[in-house]
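What follows is the residue order along each chain.
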Amino acid sequence: MTPCWPRRGLYAITADETDTGRLLARVDAVLAAGVALLQYRNKSVDAATRRTQAIALQAACARHAVPLIINDDWRLAAEIDADGVHLGEDDGALAAARAALGETAILGASCYDSLALARSAVDAGASYVAFGAFFPSPTKPHARHATLDLLHDSAALGVPRVAIGGIRPDNGRSLVMAGCDLLAVISGVFDAADPAAAVRDYQRCFE
Ligand SMILES: Cc1ncc(COP(=O)(O)OP(=O)(O)O)c(N)n1
Ligand SMILES: Cc1ncsc1CCOP(=O)(O)O
Ligand SMILES: [Mg+2]
């Protein structure tokens, strides 16, 4: 059963990590500090390790009642009965994911810098849409760039809007003020010396 998810707050996304013990320890600290959603994203390991790590994170998320979203792979999400999946333009159709995961699953869609993509994603059943990158991203330096105007212009979409890309505690508030509901962050949380303290810093963007 998908836990009810807060439509506002920090959306933590895991950094590439081969050491499952280290990944779990850091995720546990992040979950305890309080995030709205956790996405498992790992481009650096093989499919078997991804499955093992996803299952381990699922147990941790369940303990903290935080929904677990799987990046890229709706088949893995369906296989382990995760709470949802996040799909980009090369990750398959939202409709196929919805059919496999069911009505209550959380389906996220990357919409980059495009309001048209966001409208199509909502029509196809997306639970939230994500725009970005808003700032230069150390994790994805060549990501497409989105501007604050997009947040102003997308207010009537009817689903939560996520901002991603180079978000720091000192620039996140500008995105929230422009209308975004969730701040999605990788390096600012998972590359921090103290990920729980970093989560608390981001939470101030919503005050
Ligand atoms: C919340 C959120 N927003 C955007 C993305 C990026 O998805 P995608 O464009 O498929 O790129 P990769 O993450 O697969 O490199 C995301 N994962 N999460
Ligand atoms: C996956 C993704 N899509 C656009 S930017 C980005 C990476 C975000 O990571 P960071 O928070 O480290 O900039
Ligand atoms: Mg993807």
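All of these numbers come straight from a predicted model, not from anything done at the bench. (Residues numbered from 1 in each chain as written. Chains lettered and ligands numbered in written order. Predicted model: local features only at pLDDT ≥ 70, side-chain atom pairs only at ≥ 80, totals over all residues.)

Comments concerning the overall build of the protein
Part 1: Assigned secondary structure in the protein consists of nine helices and eight strands.
Part 2: The C-alpha radius of gyration computed for the protein amounts to 16 Å, which stays within 12% of the reference 17 Å derived for 207 residues, consistent with globular compactness.
Part 3: Over its C-alpha atoms, taken along the principal directions, the protein stretches across nearly 40 × 40 × 30 Å.
Part 4: Looking at the protein residue by residue over its 207 residues, the buried ones come to 45%.
Part 5: Of the contacts formed within the protein by residues at least 6 apart in sequence, a portion of 59% connects residues at least 24 apart. (Helix = DSSP H or I, 4+ residues; strand = E, 2+ residues; numbered from the N terminus. Rg over C-alpha atoms; globule rule 2.2 N^0.38 Å. Buried ≥ 20, exposed ≤ 12 C-beta atoms within 10 Å, placed from the backbone. Contact = placed C-beta atoms within 7 Å.)

Quick look at the site of ligand 1
Part 1: Lining the immediate environment of ligand 1, one finds 15 residues, of which Gly 88, Ser 110, Ala 130, Ile 164 and Ala 184 sit closest.
Part 2: Mapped onto the shell around ligand 1, the elements with two or more residues apiece are strand 1 (9-13), strand 5 (106-112) and strand 7 (161-164).
Part 3: Class assignment for the residues of the shell around ligand 1 results in six nonpolar, six polar and three charged. (Near = placed C-beta within 6 Å. Nonpolar A, V, L, I, M, F, W, Y, C, P; charged D, E, K, R; others polar.)

Brief notes about unusual backbone geometry
Part 1: Put simply, Gly 132 and Ala 133 share a cis peptide bond, and its omega is 10°.
Part 2: Unusually for a residue other than glycine, Ala 65 sits at a positive phi of about 55°.
Part 3: Mapped onto the secondary structure, Ala 65 falls in the loop between helix 2 (47-64) and strand 3 (68-71).
Part 4: Exposure remark for Ala 65: the 10 C-beta atoms within 10 Å place this residue in the exposed category.
Part 5: With phi around 55°, Tyr 112 is a residue other than glycine that occupies positive phi space.

Some thoughts on the packing of helix 1 (residues 20-33) against helix 2
Part 1: Interhelical geometry of helix 1 versus helix 2 gives an angle of 25° and a closest axis separation of 10 Å. The pairing of helix 1 with helix 2 is recorded here as roughly parallel in orientation. Every pair of crossing elements has a handedness; the one defined by helix 1 and helix 2 is right-handed. For the pair helix 1 and helix 2, contact is made by Thr 20, Leu 23, Leu 24, Val 27, Asp 28, Leu 31 and Ala 32 and by Thr 52, Gln 53, Ala 56, Leu 57, Ala 60, Cys 61 and His 64, respectively.
Part 2: By residue class, the composition of the contact of helix 1 with helix 2 is nine nonpolar, four polar and one charged. (Axes fitted to C-alpha atoms, helices over the stretch in contact; angles between N-to-C directions. Parallel < 35°, antiparallel > 145°, perpendicular 65-115°, else oblique. Left-handed = near helix turned anticlockwise from the far one by under 90°.)

Details of the site of ligand 2
Part 1: Taken together, 15 residues surround ligand 2, and among them Ser 137, Thr 139, Gly 165, Ile 186 and Ser 187 come closest.
Part 2: Partitioned by chemical class, the residues of the shell around ligand 2 number seven nonpolar, seven polar and one charged.

Regarding the UniProt feature "domain: Thiamine phosphate synthase/TenI" (unreviewed entry) in the protein
Part 1: In the numbering adopted here, UniProt assigns the feature "domain: Thiamine phosphate synthase/TenI" (unreviewed entry) to residues 10-189.
Part 2: A helix fraction of 39% and a strand fraction of 20% characterise residues 10-189, whose end C-alpha atoms lie 10 Å from each other. (UniProt positions renumbered as here; feature names shortened; annotations may be inferred.)

Regarding the pairing of strand 3
Part 1: Here strand 3 shows no split at all, with Leu 68 and Ile 70 on one side and Ile 69 and Asn 71 on the other all buried.
Part 2: As defined by bridge partners, strand 2 (residues 37-40) adjoins strand 3 across three bridges and the pair is classed as parallel. From the neighbouring strand, Gln 39 faces strand 3, where its bridge partner is Ile 69.
Part 3: As paired elements, strand 3 and strand 4 (residues 84-87) share three bridges and run parallel to each other. When the bridges of strand 4 are listed, Asn 71 appears paired with His 86.
Part 4: Running through helix 3 (residues 74-80), the crossover from strand 3 to the neighbouring parallel element strand 4 is right-handed. (Pairing = 2+ DSSP bridges. Right-handed = clockwise from strand over helix to strand, strands pointing away.)

Section: the pairing of strand 4
Part 1: Because side chains alternate across strand 4, one face comprises the buried residues Gly 84 and His 86, and the other comprises Val 85 and Leu 87, equally buried.
Part 2: Between the parallel elements strand 4 and strand 5, the chain passes through helix 4 (residues 94-101) in a crossover that is right-handed.

A word on the packing of helix 1 against helix 9 (residues 195-203)
Part 1: With their axes 8 Å apart at the nearest point, helix 1 and helix 9 run at an angle of 35° to one another. Crossing geometry of helix 1 relative to helix 9 is assigned as right-handed. Touching Arg 26, Ala 29, Val 30, Ala 32 and Ala 33 of helix 1 are Pro 195, Ala 196, Val 199 and Arg 200, all from helix 9.
Part 2: The residue inventory of the contact of helix 1 with helix 9, partitioned by class, reads seven nonpolar, no polar and two charged.

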